[in-house]
Structure formats: C-alpha cells, structure tokens
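# Structure assessment
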Amino acid sequence: QKKSKTSTDASRKLKTTAPTAASAKGKEEDLTQSVALSETRLSASAELEPVDLDADLTKLDLAACRVELEHVQRHIALLEQELGLDAISSLTKNGEKLDDLYEIESFEVPKHCVPIRTDVRSFDWKKLASAAQFDVITMDPPWQLASATPTRGVALGYSQLPNRDIQDIPIPLLQQEGAGFLFIWVINSRYAFALEMMENWGYELVDDIAWVKSTVNRRLAKGHGYYLQHAKETCLVGRRKGSTAVVHGDIGSDVIFAQRRGQSQKPEEIYHLVEKLVPNGRYLEIFSRRNNLRNYWVSIGMEL
C-alpha cells in the first residue's frame, strides 16, 4: 500500500510538473521567434532609404511618382509591423468590419473659416497684420495656474503658457489705431494681470461677460475651486483707447447661461454677441480650438 501510494504521488507530481516544463519551453521558443522577428525588422529598416520629405513631387514623372509612393508604402508597412498593427486584419473572427467596432468622431471644417495651426510664440504676426486688420480679437489664453497642484480633481488637457508669452503677442499690431475690441477669458488668479496687460496694449475695460455654466438639466454646474466652487467664467471686454468706431450697442446680456461643454470649450453665445456687436466685421480668435471654428473667422492655435 505504501509503494502504491508513493507511485501514485510520483505520478501526480509528474503530471503537475510536465505542463510547466512544456510551458517554459514554449515561452522560450516565443521569445526566440520574437527576437528573430525584431532582428529581421531592424535589418529591413536599415536597408530602406529614408523618405525625402522635402522632395518636390511635381517635378517627377508618373513612373518616378509610383516608385516614390511604393517606397513610402514600404516604410508604412514596416512601421505597422513594429507597432504590431500588421496582425490586425480588416475583418474580425465574426466577419464584422473593424470600422463597425469603433466610434469615429466626424468633424467638418466650416467652409468659410480660416484655421491656422501654429505656436503663437513663433508665429509671424507682422505678416498676418499686413494681410488683414481685425475689428474684434478674442483670446482664451492657456493661463499658467498658480501652483503645480492647484485644485483637487483638475486634469488639464492642454499646455499652459507663462504670462510673458501671452503678453508678448503684438495685439495692437492686428487692429487699427483707435478702433477695435478685445475679448479675453480670464481665470481668478490672472484677473489683475489681464487688466494690466490690456492697459499696456492700449485698451480700456468697457465691460465684462459672465458665463454661468449649467448642466443638461439646466441646473448650476459647479466645478472645483480653491476657496469656492466655480460655476462661472469671466470674459473681459476691452476697446482700443480713442476709438470712435460706430458699433451696435445694447445687443445682448452680459450674462450667458449656457450648458458646460468640453474642457476649455466656450459657449456659442459669445460668438453671437461679437457678431452682433460688430456686424460683417473681421474676426480673429487666438488660442482657438477645433470645436470653435466658425465661418468668416480667422482661428489661430495649436489645438486645431
């Protein structure tokens, strides 16, 4: 009985350890194949000549264009292999197209807008000023917050800029002397600085607009704040000193009660106010975002 028990235990031990050994061997083979595949990809990458991004394709004939296109396609195929995308087929096991499994956000650029994706710190403002002078300029600066961890629960989806980079934008260059409006969205910690910046640019504060945020149920949308919960944002309205331009006054309220949208996305009503204040004008938005592109506006920013 003791022999039989010992034999049974040994058999169980063998059955338990055998799959482990096979698994280890399988893992070793997978690792060897992975290393070999990586070496093959590196070799293929070394053999491919880099794509000349500065090449003028208009000077090539049809045959040369096809050769260049095939060269680019080989680079794309190699990159897909390195990312593991070559293993993804156009159909799933159930025969469904992958396109049906993903929700793709569609976006249509307004036909008559002028989007310019650029860094405001290096943009050629003089060139823009020589091409057009604007009746209204709006700004939603990515203000640098007071501390590294300003408020609990806040996650910023954009880069912040220090005050000096914002005040270095030559706003007066973009509007004729004695004419034009400036709308600046501010945060509490930069309120005083924004007023000082407007003064240095040659503008006087003539009004301000409060955007009171609401939920889908038309209730007050309270957010995070340092002392109090924030449920509004403020937009300062400035006018160039000495301006004598005729405007359409008394066109709307200085309070906008509108639903809270995506992060840093401002309400449509602010654009309606601008267009009513100066009808058929030339409008410029600095630090614009894709969801705020509008017909007959020039929109400048890094998030377009």
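Below, the structure is looked at part by part. (Residues numbered from 1 in each chain as written. Predicted model: local features only at pLDDT ≥ 70, side-chain atom pairs only at ≥ 80, totals over all residues. Heavy atoms only, no water.)

### Let's talk about the overall build of the protein chain
A tally of helices and strands in the protein chain yields six helices and eight strands. Ordered by position in the sequence, the α and β elements of the protein chain form the string α-α-β-α-β-α-β-α-β-β-β-α-β-β. Out of the 304 residues in the protein chain, the part that is buried amounts to 29%. Considering only contacts within the protein chain whose residues lie at least 6 apart along the sequence, 72% involve residues at least 24 apart. Carbon and sulfur atoms make up 51% of the accessible area of the protein chain, which amounts to about 20900 Å² in all. (Helix = DSSP H or I, 4+ residues; strand = E, 2+ residues; numbered from the N terminus. Buried < 20%, exposed > 50% of the residue type's maximum accessible area, 1.4 Å probe, protein only. Contact = heavy atoms within 4.5 Å. Areas by Shrake-Rupley, 256 points an atom, 1.4 Å probe, with all protein chains shown as cover.)

### Re the nonpolar core
Judged by nonpolar contacts, the single largest core of 30 residues is most densely connected at Met139 and Ile286. Of all the secondary structure elements, the ones that give two or more residues to this core are α3 (125-131), β2 (136-139), β3 (181-186), α5 (191-201), β7 (283-286) and β8 (297-301). Looking at this core, the element that brings in the most residues is α5, giving five residues. Apart from residues lying up to four places away in sequence, Met139 is in contact with Ile166, Ile169, Ile171, Leu182, Phe183, Ile184, Trp185, Trp201, Ile286 and Phe287. Formed by 18 residues, the second largest nonpolar core is a distinct cluster that contains Val136, Trp185, Ile270 and Leu273. (Core = buried A, V, L, I, M, F, W, Y, C linked by side-chain atoms within 4.5 Å.)

### Points about the packing of aromatic side chains
In the structure shown here, the tally under the stated rule is five aromatic pairs. Between Trp185 and Trp211, the ring centres sit 6.3 Å apart and the planes meet at 75°, which makes this aromatic pair edge-to-face. Here Trp185 is found in strand β3, whereas its partner Trp211 is found in strand β4 (residues 203-214), with 26 residues between them in sequence. An identical accessibility class is assigned to Trp185 and Trp211; each is buried. Ring pairing ties together the aromatic residues Tyr271, Tyr283 and Trp297, which thus form one cluster. Here Lys213 stacks its cationic end above the ring of Trp211, 5.1 Å away from the centre of that ring. (Phe/Tyr/Trp six-rings, centres within 6.5 Å; stacked < 30°, edge-to-face > 60°. Lys NZ or Arg CZ within 6 Å of the ring centre and 35° of its normal.)

### A closer look at α5
What α5 keeps buried is the set Phe193, Ala194, Met197, Met198 and Trp201. Down the axis of α5, the sector holding all buried residues measures 140°, keeping them to one side. In this structure, α5 carries Ala192 and Asn200 as exposed residues pointing more than 90 degrees from its buried face. Turning to α5, the residues buried within the fold contact β2, α4 (163-167), β3, β4 and β5 (232-240). The first or second residue beyond α5 is Gly202, which carries a positive phi of 95°. (Arc of directions from axis to C-beta.)

### Overview of the side chain of Ser299
Relative to the helices and strands, Ser299 resides in strand β8. In this view, Ser299 contacts Val114, Pro115, Ile116, Glu285, Ser288, Leu293 and Leu304; residues no more than four positions away in its chain are not counted.

### Let's talk about the sheet that holds β3
The eight strands lie next to each other as β1-β8-β7-β2-β3-β5-β4-β6, forming an open sheet whose pairing is mixed. In this open sheet, the two strands that pair with only one neighbour each are β1 (114-117) and β6 (255-259). Averaged over all pairs of adjacent strands, the angle between strand axes in this sheet comes to 20°, irrespective of strand direction. Pairing analysis gives nine bridges linking β4 to β5, with the strands arranged antiparallel. Within β5, the residue paired with Ile209 across the bridge is Cys235. (Pairing = 2+ DSSP bridges. Axes fitted to C-alpha atoms, helices over the stretch in contact; angles between N-to-C directions.)

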